[in-house]
Amino acid sequence: MMTRFVQAALLTCCALLTAPLMAEDAPGCLDCHEQEADSPVHAIFNTVHGQLQGGGAAVCTACHGPSAAHDRRGRREAPDVSFGPKWFSGTADQNASCLGCHEKTGAKMLWLGSEHEQENLVCADCHASHTNRDPAMDEQLAGEQCVSCHSRQRAEMKLPSRHPIAEGKTACTDCHNPHGSSTDADLHQVTLNENCYSCHEEKRGPLLWEHEPVTEDCSTCHTPHGSVNDRLLTARGPALCQQCHSAAFHPSVPYGAEGLPSGSSNRNLIGKNCMNCHSQVHGSNHPSGARLTR
């Protein structure tokens, strides 16, 4: 009986001693930021971030830090880490808050030194953690996030020949890793061609008869974001072909406007382009396909 009494007394003393400390350490985030239905910040509790550190006010301190001064003085003192709109912490502080969890997860490992990091972007420029629908993680909204800065690509994506990003059939992140990459233009794969082959597998080969530009660099003939020419070509045939094949098997005469109908028309212009005959321009496995005609 005495043992039980002593145990109960010790537990009571411990509770009394630790209660003031817990009350002092516990931030009053939810005392001021009440959980109203129309409060935009509380949407975070419906997201994966809403369970950080066990939920509740600990969710706030997990990203914003203990923020003791803000807890005491409310609107007059900023949180230790603030993402706006009233207060903005430095770029490094904001990103460090996110990278504390995300730095070692998959595609985010190469953020430090990436193009976006060197441009002083913060995670919150693209991501919205307090919303149920983070635009950067939504396939329908992520493209708009990208072209809000990349205006040239926005214009190219409106050209007649383009990837079907507007239709939702592909996305910027299918080719690019916005968090960084070891390759140019933050591509997912080690080379541009490998990036293209991830969708256009039939162009990979190996083929019996290869076309050198196909194996070297797809951008020799194609532009990725949009073109006024068919099939994302950088120029219309035969002008595109003659950039390399100026004197190969055909007279090295440029096919220009002088070949259009006005008397004696040039069949290479009227007949569309070189690919009328050289249809297997990406390569051929036909035994007689050395000229890529079959």
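Residues numbered from 1 in each chain as written. Predicted model: local features only at pLDDT ≥ 70, side-chain atom pairs only at ≥ 80, totals over all residues. Heavy atoms only, no water.

Enquirer: Describe in detail the overall build of the chain, supporting the description with residues and values.
Expert: Scanning the chain for helices and strands turns up 13 helices and zero strands. Across the chain, helices and strands are ordered from the amino to the carboxyl terminus as α-α-α-α-α-α-α-α-α-α-α-α-α. Looking at the chain as a whole, 24% of its 294 residues are labelled buried. A fraction of 41% describes how many contacts in the chain between residues 6 or more apart in sequence connect residues 24 or more apart. Total accessible area computed for the chain in this model is approximately 20,200 Å², and 57% of it derives from carbon and sulfur atoms. (Helix = DSSP H or I, 4+ residues; strand = E, 2+ residues; numbered from the N terminus. Buried < 20%, exposed > 50% of the residue type's maximum accessible area, 1.4 Å probe, protein only. Contact = heavy atoms within 4.5 Å. Areas by Shrake-Rupley, 256 points an atom, 1.4 Å probe, with all protein chains shown as cover.)

Enquirer: Outline helix H5 (residues 91-102), listing residues and values.
Expert: In this model, H5 (12 residues) spans 16 Å end to end at C-alpha, consistent with the 16 Å of a helix rising 1.5 Å per residue. Among the residues making up H5, those that are buried are Gln94, Asn95, Ser97 and Leu99. Of the surrounding secondary structure, the elements contacted by the buried residues of H5 are helix H3 (58-64). (Expected span 1.5 Å × (residues − 1).)

Enquirer: Give me the state of the cysteines: which residues, what numbers.
Expert: Inspection of every chain in the model, using the stated rule, returns zero disulfides. Unpaired in terms of disulfides, cysteine 244 finds its nearest cysteine sulfur in cysteine 221, a separation of 6.9 Å. A relative accessible area of 54% means that cysteine 244 is categorised as exposed. Here cysteine 274 is not disulfide-linked; the sulfur of cysteine 241 is the nearest cysteine sulfur, at 3.7 Å. (Disulfide = S-S within 2.5 Å.)

Enquirer: Can you lay out unusual backbone geometry for me, pointing to particular residues and giving the numbers?
Expert: Where the residue is not glycine, phi is negative for most of them; where a peptide bond is considered, it is trans in most cases. The residue after glycine 205, namely proline 206, is reached through a cis peptide bond having omega 5 degrees. Mapped onto the elements of the fold, proline 206 is located in the loop between helix H10 (192-197) and helix H11 (212-216). Here the phi dihedral of glutamine 53 falls at roughly 55 degrees; this positive angle occurs in a residue that is not glycine. We classify glutamine 53 as exposed; its relative accessible area is 63%.

Enquirer: Can you tell me about the pattern of salt bridges, naming the residues and giving the values?
Expert: Opposite charge on two side chains lets them pair, provided their charged atoms get close. Counted under the stated rule, the structure contains seven salt bridges. The salt bridge partner of arginine 133 is aspartate 138, with a shortest N-O separation of 2.4 Å. With a shortest N-O distance of 3.3 Å, glutamate 156 and arginine 152 are connected by a salt bridge. Placement of both glutamate 156 and arginine 152 in helix H8 (residues 151-156) is noted, with a separation of four residues, approximately one turn of the helix. Taking relative accessible area as the criterion, arginine 152 reaches 61% and is therefore assigned exposed. (Salt bridge = Lys/Arg side-chain N within 4 Å of Asp/Glu carboxyl O.)

Enquirer: Any details on the environment of alanine 239? Residues and values, ideally.
Expert: Considering the arrangement of structural elements, one finds alanine 239 in helix H12 (residues 239-242). Spatially, the C-alpha atom of alanine 239 lies 8.5 Å from that of asparagine 273, the residues being 34 residues apart in sequence.

Enquirer: An account of the environment of histidine 130 is needed here, citing residue identities and associated values.
Expert: Mapped onto the elements, histidine 130 comes out in the loop between helix H6 (115-118) and helix H7 (142-147). Looking at histidine 130, the relative accessible area reads 29%, which means it is partly exposed. Once the C-alpha coordinates of histidine 130 and histidine 42 are considered, the two residues, 88 residues apart in sequence, prove to be 6.9 Å apart. With near-sequence residues (within four places) excluded, histidine 130 lies in contact with Pro40, Val41, Ala43, Ile44 and His64.

Enquirer: Help me get a handle on the side chain of serine 114, residues and values and all.
Expert: Within the secondary structure layout, serine 114 lies in the loop between H5 and H6. Take serine 114: its relative accessible area is 4%, and that puts it in the buried class. Excluding residues that lie within four positions of it along the chain, serine 114 makes contacts with His179 and Gly180.

Enquirer: Outline the confidence of the model for the chain, supporting the account with residue identities and numerical values.
Expert: For the chain, per-residue confidence averages 81 on the pLDDT scale, and 80% of positions sit at 70 or higher. By mean pLDDT, the top-scoring element of the chain is H8 (94), and the lowest-scoring one is helix H1 (residues 2-25) (46). The model gives residues 14-26 a pLDDT under 50, and that stretch makes one contact with residues more than four places away or in other chains. (pLDDT = per-residue confidence, 0-100.)

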